[in-house]
Amino acid sequence: MSLSDYVKFMRAVKGGVTPWEIADATGVPSKEVHLLEVKHRRMGDDDAMLAKLAEYFEVPIEELTRRRDAFRKRLTGFVADRQRSKEAVTFVLESGERLEGTIAWFGREAIALQPDDPGHPLIIQRAVIAEWH
């Protein structure tokens, strides 16, 4: 899960708090919280800001920092390359489940993964993909 998706997820876990409520509680400007959520490129280089957010969301800072390089544009590039080459991929989901196959199609929010066995592809929400290779 990208840092962007994780911040959205954690806001939901906290009851749907707004970026303004987070700003009031942490001192992190609401604009920065918003940018973390909407930018699908590498974000979150400010460790002090991430530490404040980690404390607010009651998670280890590593839950935020390890997601910096799992941004959506990087995943999109990987998926597009593998779809063209028809190379097999492995996705590790946030749950730890591993899924393998080839890319049938992908879009902004989901990826269709065709397993080796015949049948319908698995539709995977991009937000739940923790690792890919």
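First, a word on scope: everything that follows refers to the structure included in this document. (Residues numbered from 1 in each chain as written. Predicted model: local features only at pLDDT ≥ 70, side-chain atom pairs only at ≥ 80, totals over all residues. Heavy atoms only, no water.)

1. Here's the deal with the pairing of strand β2 (residues 98-106)
Inference 1: Looking at chain direction, strand β1 (residues 89-93) and β2 are connected through four bridges and run antiparallel. From the neighbouring strand, Phe-91 faces β2, where its bridge partner is Leu-99.
Inference 2: Adjacent in sequence and paired antiparallel, β1 and β2 are bridged by four residues, among which Gly-96 carries a positive phi angle near 100°.
Inference 3: As judged from the four bridges shared by β2 and strand β3 (residues 110-114), these two strands associate in the antiparallel manner. Looking at the pairing, Trp-105 lines up with Ala-112 of β3.
Inference 4: Between β2 and β3, which pair antiparallel in sequence order, lie three residues. (Pairing = 2+ DSSP bridges. Helix = DSSP H or I, 4+ residues; strand = E, 2+ residues; numbered from the N terminus.)

2. Some remarks on the packing of helix α2 (residues 19-26) against helix α4 (residues 47-57)
Inference 1: Running from N to C, α2 and α4 cross one another at 105°; their axes reach a closest spacing of 10 Å. With respect to each other, α2 and α4 are oriented roughly perpendicular. Across the interface between the two elements, Ile-22, Ala-25 and Thr-26 of α2 pack against Lys-52, Leu-53, Tyr-56 and Phe-57 of α4.
Inference 2: Within the contact of α2 with α4, the residues separate by chemical class into five nonpolar, one polar and one charged. (Axes fitted to C-alpha atoms, helices over the stretch in contact; angles between N-to-C directions. Parallel < 35°, antiparallel > 145°, perpendicular 65-115°, else oblique. Contact = heavy atoms within 4.5 Å. Nonpolar A, V, L, I, M, F, W, Y, C, P; charged D, E, K, R; others polar.)

3. Observations concerning the side chain of Asp-5
Inference 1: Within the secondary structure layout, Asp-5 lies in helix α1 (residues 3-13).
Inference 2: Judged by its relative accessible area of 7%, Asp-5 is buried.
Inference 3: What Asp-5 contacts, discounting residues up to four positions off in sequence, is Arg-72 and Ala-127. (Buried < 20%, exposed > 50% of the residue type's maximum accessible area, 1.4 Å probe, protein only.)

4. So, the nonpolar core
Inference 1: Judged by nonpolar contacts, the single largest core of 19 residues is most densely connected at Ile-22, Leu-36, Leu-50, Leu-53, Phe-57 and Leu-64.
Inference 2: Of all the secondary-structure elements, those providing two or more residues to this core are α1, α3 (30-38) and α4.
Inference 3: Examining the composition of this core, we find that six residues originate from one element, α4, more than from any other.
Inference 4: Sequence-distant contacts of Leu-50, defined by excluding residues within four places in its chain, comprise Leu-3, Leu-36, Gly-44, Ile-61, Leu-64, Thr-65 and Arg-68.
Inference 5: Grouped together as the second largest cluster of nonpolar side chains are 14 residues, Phe-78, Val-89, Leu-99 and Ile-111 included. (Core = buried A, V, L, I, M, F, W, Y, C linked by side-chain atoms within 4.5 Å.)

5. A closer look at α3
Inference 1: For α3, every residue scored as buried is listed here: Ser-30, Val-33, Leu-36 and Glu-37. Here the buried residues of α3 occupy an arc of 120° about the axis, which is enough to place them on one side.
Inference 2: The inward-facing, buried residues of α3 abut α1, α2 and α4. (Arc of directions from axis to C-beta.)

6. With respect to the environment of Gly-119
Inference 1: With respect to the helices and strands, Gly-119 occurs in the loop between β3 and β4 (122-125).
Inference 2: It is 36 Å that separates the C-alpha atoms of Gly-119 and Glu-63, two residues lying 56 residues apart in sequence.

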